[in-house]
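Each chain, written out:
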Amino acid sequence: MNAKKIIFFDGVCNLCNSTVQFLIKHNKSNTLHFASLQSDLGQKFLKENCLKVENFETIYYLKNKKIYSHSSAILEIFKELNGFYPYLSILKIVPKFIRDAAYCMVSKNRYRWFGKKESCWLPTTELKEKFLD
């Protein structure tokens, strides 16, 4: 699991699922893999790293055995995308407490603003190889 670049996301969150689809579309080098936090792999990851196993407030990005969360995860993921997105990682100059405050505001309101699914989104057959379980 540590050799891959894995994004762990809330599988029932509409915003999270839309973000995953966006990342797949813009990661032409095919370096990113995904697992929902609700999956067996996601739960194992959370338990092994002493993280919350329910009430998910952030995505996690596992890269080179290092775990990124909140705004740091997003900015690190930008580096894997095509086009101008890697340049957005310059936002790391904004103090982490400010970035994370904005991230947490969206996270706390994401179900109300974007909705929630009753079950995790299932990838199409051609996208299944990007998802780990």
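Keep in mind that this is a model prediction, so the values were computed, not measured.

### A few points about the pattern of salt bridges
Okay, step 1: Tallied over the entire structure, the rule returns 9 salt bridges.
Okay, step 2: Between E48 and K44 there is a salt bridge, with its nearest N and O atoms 3.9 Å apart. A residue pair is termed a helical-turn pair when its members lie 3 or 4 positions apart in one helix, as E48 and K44 do in helix α2 (residues 40-48) at 4 residues.
Okay, step 3: With a closest N to O distance of 3.6 Å, E80 and K63 form a salt bridge. In this pair, E80 is assigned in the loop between α3 (70-78) and α4 (96-114) and K63 in strand β3 (residues 60-63), connecting sequence segments 17 residues apart. Accessibility assignment for this pair places E80 and K63 in one class, buried.
Okay, step 4: Residues joined by salt bridges that share partners form a network here, namely K5, K63, E76, K79, E80 and K92.

### What about the sheet that holds strand β2 (residues 32-36)?
Okay, step 1: Reading across the sheet, the 4 strands line up as β2-β1-β3-β4 and stay open at both edges, with mixed pairing between neighbours. Both edges of this open sheet fall to β2 and β4 (66-69), since each of them pairs with a single strand only. Looking at each pair of strands side by side, their axes are set apart by 25° on average, direction ignored.
Okay, step 2: Two elements, strand β1 (residues 5-9) and β3, share 3 bridges in a ladder whose sense is antiparallel.

### Observations concerning α3
One turn of an α-helix holds 3.6 residues; hence residues three or four places apart share an orientation.
Okay, step 1: Summarising burial for α3: 8 of the 9 residues are buried, a large majority.
Okay, step 2: Within the sequence span of α3, burial applies to H70, S71, S72, A73, L75, E76, I77 and F78.
Okay, step 3: Contacts made by the buried residues of α3 are with β1, α1 (14-26), β2, β3, β4 and α4.

### Regarding the pairing of β3
Okay, step 1: The alternating pattern of β3 places Y60 and L62 on one face and Y61 and K63 on the opposite face, and all of these are buried.
Okay, step 2: Where β3 lies against β4, 4 bridges are found, and the strand directions are antiparallel. From the neighbouring strand, Y60 faces β4, where its bridge partner is S69.
Okay, step 3: From the end of β3 to the start of β4, which pair antiparallel, there are 2 residues, and N64 there has a positive phi angle of about 50°.

### Considerations on the nonpolar core
Okay, step 1: In this structure, I7, L32 and F34 are the most contacted members of the largest nonpolar core, which totals 20 residues.
Okay, step 2: Ranked by size, the runner-up nonpolar core spans 11 residues in total, among them F8, L37, L41 and Y60.

### Topic: the environment of S18
Okay, step 1: The topology assignment puts S18 in helix α1.
Okay, step 2: Overall, the relative accessible area of 46% leaves S18 in the partly exposed class.
Okay, step 3: A C-alpha to C-alpha distance of 9.8 Å links S18 and F114, two positions 96 residues apart in sequence.

Each value, and the rule that gives it
- Residues numbered from 1 in each chain as written.
- Predicted model: local features only at pLDDT ≥ 70, side-chain atom pairs only at ≥ 80, totals over all residues.
- Heavy atoms only, no water.
- Salt bridge = Lys/Arg side-chain N within 4 Å of Asp/Glu carboxyl O.
- Helix = DSSP H or I, 4+ residues; strand = E, 2+ residues; numbered from the N terminus.
- Buried < 20%, exposed > 50% of the residue type's maximum accessible area, 1.4 Å probe, protein only.
- Pairing = 2+ DSSP bridges.
- Axes fitted to C-alpha atoms, helices over the stretch in contact; angles between N-to-C directions.
- Contact = heavy atoms within 4.5 Å.
- Core = buried A, V, L, I, M, F, W, Y, C linked by side-chain atoms within 4.5 Å.

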